[in-house]
Amino acid sequence: MKYNDEHINSIKHIIDNKFISFISEIILDSTKKNNKILICGNGGSASDSNHISAEFVGKFEKEREPINAISLSSNMALITSIGNDFGFEYVFSRQVEAVGNSGDVLIAISTSGKSKNIIKAINAALKLNLKVIFITGKESFNTFNNDNLHKISIDSNNTATIQEAYMFLLHNVVRYIENK
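Source: prediction; values computed, not measured.

Caption draft 1: How the structure looks around the pairing of strand 3 (residues 105–110). Counted residue by residue, strand 3 has 6 buried out of 6 residues, so it is predominantly covered. Alternating positions in strand 3 separate into two faces, Val105, Ile107 and Ile109 on one and Leu106, Ala108 and Ser110 on the other, with burial throughout. Two elements, strand 1 (residues 37–40) and strand 3, share 4 bridges in a ladder whose sense is parallel. Bridging from a neighbouring strand, Ile39 pairs with Ile107 of strand 3. In the sheet, strand 3 pairs with strand 4 (residues 131–136) via 6 bridges, with the strands oriented parallel. Bridge pairing in strand 4 links Ile107 to Ile133.

Caption draft 2: Inspection of the nonpolar core at higher detail. Core analysis: the biggest nonpolar cluster contains 31 residues, and Ile27, Phe56, Ile107, Ile133, Ile135 and Leu169 have the highest contact counts within it. Going through the elements one at a time, helix 1 (2–16), helix 2 (19–32), strand 1, helix 3 (44–57), strand 3, strand 4 and helix 7 (159–179) are the ones with two or more residues in this core. The dominant element in this core, judged by the number of residues it contributes, is helix 7, at 9 residues. Here Ile107 is in contact with Ile27, Ile37, Leu38, Ile39, Cys40, Phe56, Ile133, Ile135 and Leu170, once residues within four sequence places are set aside. Counting 21 residues, the second largest nonpolar core, distinct from the first, contains Phe92, Val96, Ile122 and Leu130.

Rules of the game
Within any chain, residue numbers begin from 1 and follow the written order of that chain's sequence. Selection of residues for local features in this predicted model requires a pLDDT of at least 70, selection of side-chain atom pairs for listing and counting requires 80 or more, and totals for whole chains, interfaces and linings are taken over all residues. Only heavy atoms go into the side-chain values, all of them from the structure, while hydrogens and water stay out. Working definition: with a 1.4 Å probe on protein chains only, accessible area under 20% of the residue-type maximum means buried, over 50% means exposed, and in between means partly exposed. Elements are defined by DSSP. Helices are runs of H or I of four residues or more, strands are runs of E of two residues or more, and each kind is numbered from the N terminus. What makes two strands pair is DSSP finding at least two bridges between them. Buried Ala, Val, Leu, Ile, Met, Phe, Trp, Tyr and Cys residues form a nonpolar core when they are joined through side-chain atoms within 4.5 Å. Any two residues whose heavy atoms approach within 4.5 Å at even a single point are treated as in contact.

In short, the description is geometric, and any link to function would need to be established separately.
What follows is the structure, given as structure tokens:
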């Protein structure tokens, strides 16, 4: 029962803090200006970044024009070559540097908030003037002092609960955008 309560509370926290509309408006503003969405995460979050990218580019619930979104977790040849040549901590930042433009949005997912490659991607994005949505767990202590960074802390320390909650969040962001 404790798990169920924690899950429900994390979803309620997302709704109560209006994270869905907040993130959606950032993305809508960017995509209206023909900017793109870059998404990255490790492990299960890498798969989730692919999943959400597919929802933006394909469709979620409605037929609509595709939304320009790229999962930085999807190209294994690129990830392994960067990892081999530069180090695993650079697998996302190198991609941000290559394809990111001012006004684009980076959705960076790290349940712990400590993933070096996610932190480097955020720093690269901020340097290039991208808007950053950093989704992490409750115990994340990373602080960035930048108006373009929006940290969304899921109200949980449990990795599975954090992942389930951010998928609820991101599915509803796509839904919100499709309805606009």
